[in-house]
Amino acid sequence: MKTAVPCYYHLDVEVSPERVGQVSRILAAHLRYWDLDNLVEPVCRGAELLLTAIDQHATDKHTSIEMWWNGQHLITAIGDEDRDLRPDQDLRGCLAHLAATSDGWGCCASETGSKIIWFSQRARSGERVPLVPTGPAPRLRRVLKVPRALPVTQLAASAGGVLEGAR
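Residues numbered from 1 in each chain as written. Predicted model: local features only at pLDDT ≥ 70, side-chain atom pairs only at ≥ 80, totals over all residues. Heavy atoms only, no water.

An unreviewed UniProt entry lists the protein under the name Pep a2, from Streptomyces sp. 900105755.

What follows concerns the environment of Ile75. Mapped onto the secondary structure, Ile75 falls in strand E3 (residues 73–80). The spacing of Ile75 and Val43 is 32 residues in sequence and 9.1 Å in space, taken between C-alpha atoms. Setting aside anything within four residues of it in sequence, one finds Ile75 in contact with Glu66, Met67, Trp68, Trp118, Phe119 and Ser120. (Helix = DSSP H or I, 4+ residues; strand = E, 2+ residues; numbered from the N terminus. Contact = heavy atoms within 4.5 Å.)

Within helix H3 (residues 92–101), burial applies to Cys94, Leu95 and Leu98. Down the axis, H3 shows its buried residues gathered within 95° of arc, on one side only. The exposed set on the far side of H3, more than 90 degrees from its buried face, consists of Arg92, Gly93 and Ala100. Packed against the buried residues of H3 are helix H2 (40–57), strand E4 (104–109) and strand E5 (115–122). (Buried < 20%, exposed > 50% of the residue type's maximum accessible area, 1.4 Å probe, protein only. Arc of directions from axis to C-beta.)

This brings us to the side chain of Ser102. Within the fold, Ser102 resides in the loop between H3 and E4. The exposure class of Ser102 is buried, given its relative accessible area of 11%. Of the polar contacts made by the side chain of Ser102, one reaches the backbone oxygen of Leu98; its length is 2.4 Å. Within the structure, the side chain of Ser102 is placed 3.3 Å from the backbone oxygen of Gly104, a separation counted as a polar contact. (Polar contact = N/O pair within 3.5 Å; in protein donor to acceptor, adjacent residues only side chain to side chain.)

The next point concerns a nonpolar patch on the surface. A surface patch of nonpolar side chains, about 270 Å² in accessible area, is lined by Tyr8, Trp68 and Ile75. You can call Ile75 partly exposed: its relative accessible area is 31%. (Patch = residues over 30% accessible without salt bridge, like charges linked within 9 Å, V, L, I, M, F, W, Y side chains within 5 Å. Areas by Shrake-Rupley, 256 points an atom, 1.4 Å probe, with all protein chains shown as cover. Salt bridge = Lys/Arg side-chain N within 4 Å of Asp/Glu carboxyl O.)

A separate point is the pairing of strand E1 (residues 7–14). With burial as the criterion, only one face of E1 is covered, namely that bearing Cys7, Tyr9, Leu11 and Val13; the residues Tyr8, His10, Asp12 and Glu14 on the opposite face remain uncovered. Here E1 runs beside strand E2 (residues 62–69); their pairing, made up of eight bridges, is antiparallel. The residue bridging Tyr9 from the neighbouring strand is Met67, located in E2. (Pairing = 2+ DSSP bridges.)

Okay, the nonpolar core next. One broad rule of soluble globular proteins: the nonpolar side chains tend to lie buried together. Counting 33 residues, the largest nonpolar core has Leu27, Leu31, Trp34, Ile65, Met67, Trp69 and Leu74 as the members making the most contacts within it. Only E1, helix H1 (17–33), H2, E2, E3, H3 and E5 provide two or more residues apiece to this core. Sorting elements by how many residues they give to this core places H2 first, with eight residues. Other than its neighbours up to four places away in sequence, Trp34 contacts Cys7, Tyr8, Tyr9, Met67, Trp69 and Leu74. (Core = buried A, V, L, I, M, F, W, Y, C linked by side-chain atoms within 4.5 Å.)

As summarised here, the arrangement of the five strands in space is E1-E2-E3-E5-E4, forming an open sheet in which the pairing is antiparallel. At either end of the open sheet lies a strand with only one pairing partner, and these are E1 and E4. Taking the axes of each pair of neighbouring strands and ignoring which way they run, one obtains an average angle of 15° across the sheet. Here E2 runs beside E3; their pairing, made up of seven bridges, is antiparallel. (Axes fitted to C-alpha atoms, helices over the stretch in contact; angles between N-to-C directions.)

As structure tokens, this is what we get:
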């Protein structure tokens with residue numbers, strides 16, 4: 001059985017029309033490397049739409065793209081540095097597409113005043129890969145005597161006199 005390992009990828013790019021296709025191919029290659037072939041099309045399509053909208057509407061074209069895979073969900077986040085780009089007006093069509101094709105999405109501001117738009121894709125139930133299980137580590141290295149083999153008075157003495165009334 002194949003096990004999932006949490007993965008992370010980060011890419012900084014200056015958005016231009018020719019770079020949108022390049023970024024899409026880079027993201028697709030990472031998704032295939034992580035054995036997430038089924039998520040290539042929706043993730044790359046959402047990223048292409050956002051990058052194209054940023055290219056058309058933003059004055060500052062510097063963009064950061066991040067992907068996180070935890071074994072069940074892939075989260076893709078695209079952050080831009082343009083304070084004038086308004087998601088509710090300039091990116092309305094992209095956000096409607098993300099809402100229709102992803103399992104979750106959102107927009108938030110960063111500490112620097114830029115905005116981050118993210119969307120998530122869930123692996124379908126038949127394609128879910130279990131995380132690597134960790135086995136319990138034994139903590140006790142010495143064997144204790146069975147309490148019934150000892151007289152009650154001896155047990156009370158070893159417990160510091162807690163069971164004095166049991167004599």
